[in-house]
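As a plain string of letters, each chain reads:
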Amino acid sequence: MTMIRLTTFKQGCISTSILKSCISGSYQSRQAIRCCITSGRPRYGTAIARSIHTPTLSISTATMTAGQSMSGPNEGNEMLNEELQKDTGTMRNKKPINLLRGWPSTSLLPAAALRAASQTALSDPAIWAPGLEYGPDPGYQPLREALEYWLGKFYSSVLPVMPDTATTGVSEDGKAAEKEADRITITGGASQSLACILQSFTDPARTLAIWIVAPCYFLACPIFADAGFTGRMRAVPEDEEGVDVEVLERKMCALEKEQRGRSDDGSGSYKDPDPYRKIYRHVVYCVPAFSNPSGRTMTLARRQGLVEVARRHDTLIICDDVYDMLQWHILPNNPSSSLQPPQSPNLNKALLPRVADLDFAAGRSPHDPEGKHFGHAVSNGSFSKLVAPGTRTGWTFSTADFAYGLSQTGSTRSGGAASQLAATIVCELLLTKTKGEEECLLDTHIRHTLLPSYARRHAVLMRTVRAELVPLGVRVLEGSLCGQDGVYGGYFVWMTLPSETETVLGKRTWPIAQAIADRCRADEDLMIGNGELFAVHGDEEAIRFDNAIRLCFAWLDEEDLVDGVKRLGRVIGKMLFEGPESWVVKNRGMDNVDEAK
């Protein structure tokens, strides 16, 4: 590797001949020149040129100023820009690469399994007759019962001790299983379910705020806005263990003090929840496992603390538990390594209980109406990440009273549970074909198709990030769960850039992520998730993510993942070389990413 340390790229204090020789060596091996900020002060940058034959070369300020001046003040910049442009080519010759889109790869969709399941469902009158009619309000009963068994297998080893009044186990006559299934509703997916939960259990006249763990899933914010909470979405920070519950409760107390005197007796309410629903004073929204976008998993201690805060402040915790089953052992950094990743713990089972499990184990709270147990947490699940987004089918898991109240949402009562036909098809994937068989078709798909593929794609992405971006100063989250370094999951990798507040001679040393995203689209036909997208709408200034980038590894194949990260490295290198004058943000907001969501 050829390395030239410069005191500045802008003053033209390195000779053209030296720069040309370095470029020549680099481009003979067709590698990119990248510019990055290096450690140590004072500094402006380091030009790194990869070369097979050229040894490391370090040129000090004294060497550069001892008669090796440029023939023109900008000649070095112009020449290096010209070479960079030659190497990157024109955008019209590039294949579009989308590292923003959070979809499963088309190659991983189980079309054959769904075809067989559809054939079964549409061949049996006992299945297709109810499947083609309006469904019952809580959803297709065979799927509710199949989910009760399937979810029970996955979470059984981490369930907390339940109160005496809770139904556990399965009796010989099946009644216990029916009671457990009563805690499940069938939905049209996590997004549709979130909208229905807000319709039934919140009221803008009585619910004070929506508390959103930040960075957040950015497309949830418009759902809260549609429910009447524009201007009342509040950001709550997270760290390596998940949501900061102390900050959350402090902010809740401050808001309650500010709103003291505001009636909570139902007068002036827009909604009448009785007799099957209730209105919560606060709502918390989070993705506890392998979060979108940060990839972090909330620890057990934070989950317990979150439940305790919710029970003190009449809060509903809405958990998007859509990535729980997508967890794997991190593969070795060296693809040729014969070392296998550690196989403990067993990742066919949950590592942690759901937040809803912890709340249910605590029993009724003082905020539950007499004779009811609505609880303070609901698990919002989806088959979009496990089967296919087009199935538009999901589930909720909560207390039985909450589940029934949710099924009484007006739109559900009018048309019956969403996705009735799709529910009959998905249900076939959860049923084992023979008695005593442990693995259903969905288990097979997850364990033998999704997890190996996502583990490889994640490993490929991370190797390329370490090679192309980390040397530039980018930091990346290596593991999902604090205390379990060898485990990762979900769809996303979260990276942070050197702080934009660090300046040299009054100027930022790094562009913000939005500016990088703009240049990626313009120069490389590359889409990335800039951190600004994942700020809480209306509360962006509370917690900013201008120096963060999210990359998705689920949508692209491995070759495109590598190419995409290399393109990102080239863009960052060019921007650092060009300096702050080129770091102009051209697009803000979400309008330019709708095509990639």
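What you see is a predicted model, and the numbers here were worked out from it, not measured in a lab. (Residues numbered from 1 in each chain as written. Predicted model: local features only at pLDDT ≥ 70, side-chain atom pairs only at ≥ 80, totals over all residues. Heavy atoms only, no water.)

A. Quick peek at the nonpolar core. Leu-147, Trp-150, Leu-442, Met-495, Ile-528, Leu-551 and Leu-568 are the most contacted members of the largest nonpolar core, which totals 125 residues. What Leu-147 contacts, discounting residues up to four positions off in sequence, is Gly-152, Ile-184, Ile-186, Phe-383, Trp-395 and Leu-430. Core analysis: the second largest hydrophobic core is formed by 23 residues, Trp-211, Leu-255, Met-298 and Cys-319 among them. (Core = buried A, V, L, I, M, F, W, Y, C linked by side-chain atoms within 4.5 Å. Buried < 20%, exposed > 50% of the residue type's maximum accessible area, 1.4 Å probe, protein only. Contact = heavy atoms within 4.5 Å.)

B. How the structure looks around the pattern of salt bridges. Evaluated as defined, the whole model comprises 21 salt bridges. A salt bridge links Glu-238 to Arg-296; the nearest nitrogen and oxygen atoms lie 3.1 Å apart. Note that Glu-238 is positioned in strand 7 (residues 233–239) and Arg-296 in the loop between strand 9 (282–286) and helix 11 (300–312), a separation of 58 residues in sequence. Pair check on accessibility: Glu-238 and Arg-296 agree, each one buried. Lys-278 is paired through a salt bridge with Asp-314; the nearest N and O atoms lie 2.7 Å apart. With Lys-278 in the loop between helix 10 (245–258) and strand 9 and Asp-314 in the loop between helix 11 and strand 10 (315–320), this residue pair connects regions lying 36 residues apart in the sequence. (Salt bridge = Lys/Arg side-chain N within 4 Å of Asp/Glu carboxyl O. Helix = DSSP H or I, 4+ residues; strand = E, 2+ residues; numbered from the N terminus.)

C. Local environment of the packing of aromatic side chains. Within the structure shown, the criterion is met by 20 aromatic pairs. Centroid distance Phe-201 to Phe-402: 4.0 Å. Interplanar angle 10 degrees. Geometry classified as stacked. With Phe-201 in helix 8 (residues 190–201) and Phe-402 in helix 13 (residues 400–407), the pair connects residues that are 201 residues apart, well separated along the chain. Judged by relative accessible area, which is 0%, Phe-201 ranks as buried. Using a relative accessible area of 0% as the deciding quantity, one classes Phe-402 as buried. Between Tyr-217 and Phe-218, the aromatic rings sit 6.2 Å apart at their centres with planes inclined by 55 degrees, giving tilted as the arrangement. Using a relative accessible area of 3% as the deciding quantity, one classes Phe-218 as buried. One aromatic cluster is present, built from ring pairs that chain together Tyr-323, Trp-328, Tyr-454, Tyr-488, Tyr-491, Phe-492 and Phe-553. Above the ring of Trp-103, the side-chain terminus of Arg-101 is found at 4.0 Å from the ring centroid. The ring of Trp-555 has Arg-101 sitting right over it, with the charged end atom 5.0 Å from the ring centre. (Phe/Tyr/Trp six-rings, centres within 6.5 Å; stacked < 30°, edge-to-face > 60°. Lys NZ or Arg CZ within 6 Å of the ring centre and 35° of its normal.)

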